[in-house]
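Residues per chain are reported as follows:
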Amino acid sequence: EVPSVQKHNIYFALSFNREFSTGITGFIRGSFRHVTGMYVNDANSDKTDDYSLLNAGIGLDMVFGNFNLLISGGVNNIFDKVFVGFISINSSTGRFYEAGEPRNFYAGINLGYAFQWKSMWPVKLITGHVFVIIKLFSNFYLLKGNSNIY
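Summary of the structure given here. (Residues numbered from 1 in each chain as written. Predicted model: local features only at pLDDT ≥ 70, side-chain atom pairs only at ≥ 80, totals over all residues. Heavy atoms only, no water.)

A few points about the overall build of the protein
Moving on, step 1. Helix and strand content of the protein: zero helices and eight strands.
Moving on, step 2. Restricting to contacts in the protein with at least 6 residues of sequence separation, those with at least 24 account for 57%.
Moving on, step 3. If you sum the accessible surface of the protein, you get close to 10,500 Å²; carbon and sulfur atoms cover 61% of it. (Helix = DSSP H or I, 4+ residues; strand = E, 2+ residues; numbered from the N terminus. Contact = heavy atoms within 4.5 Å. Areas by Shrake-Rupley, 256 points an atom, 1.4 Å probe, with all protein chains shown as cover.)

Observations regarding unusual backbone geometry
Moving on, step 1. At Asn77, a residue that is not glycine, the phi angle is positive and equals roughly 55 degrees.
Moving on, step 2. Secondary-structure assignment places Asn77 in the loop between β4 (67–76) and β5 (84–87).
Moving on, step 3. You can call Asn77 buried: its relative accessible area is 4%.
Moving on, step 4. Unlike most non-glycine residues, Asp80 shows phi in positive territory, near 55 degrees. (Buried < 20%, exposed > 50% of the residue type's maximum accessible area, 1.4 Å probe, protein only.)

Structure representation (structure tokens):
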């Protein structure tokens, strides 16, 4: 088998949205990922373990005219699973593995503004709008631990 290529990489996500009032929507999201083990060298003499990760997040999305405010937060790797996040194929030192991210929490505030542009062509060959979102502030990550080689 080819090193660093997993046999299966399964990803499943669910999202629930609820509109509380005009322009204000709340959401809950979750995702699950399962990755099978991967060989770390051409000889296929060593292999990583399978792993599964569970992530979750919540937030509010608010629209006020052309402005959009998104406040969200969540947790990745809920069960703090130790897993191989990076492989150094055929490492001459024999250090093939680097740990993936431990459980981490995040929070974010996004403020956006939608600019609208309408075509001014006399023949009306081009119609529609162009939207530009300005992202002012986003995503703090609070990490527990570190990602050292193990």
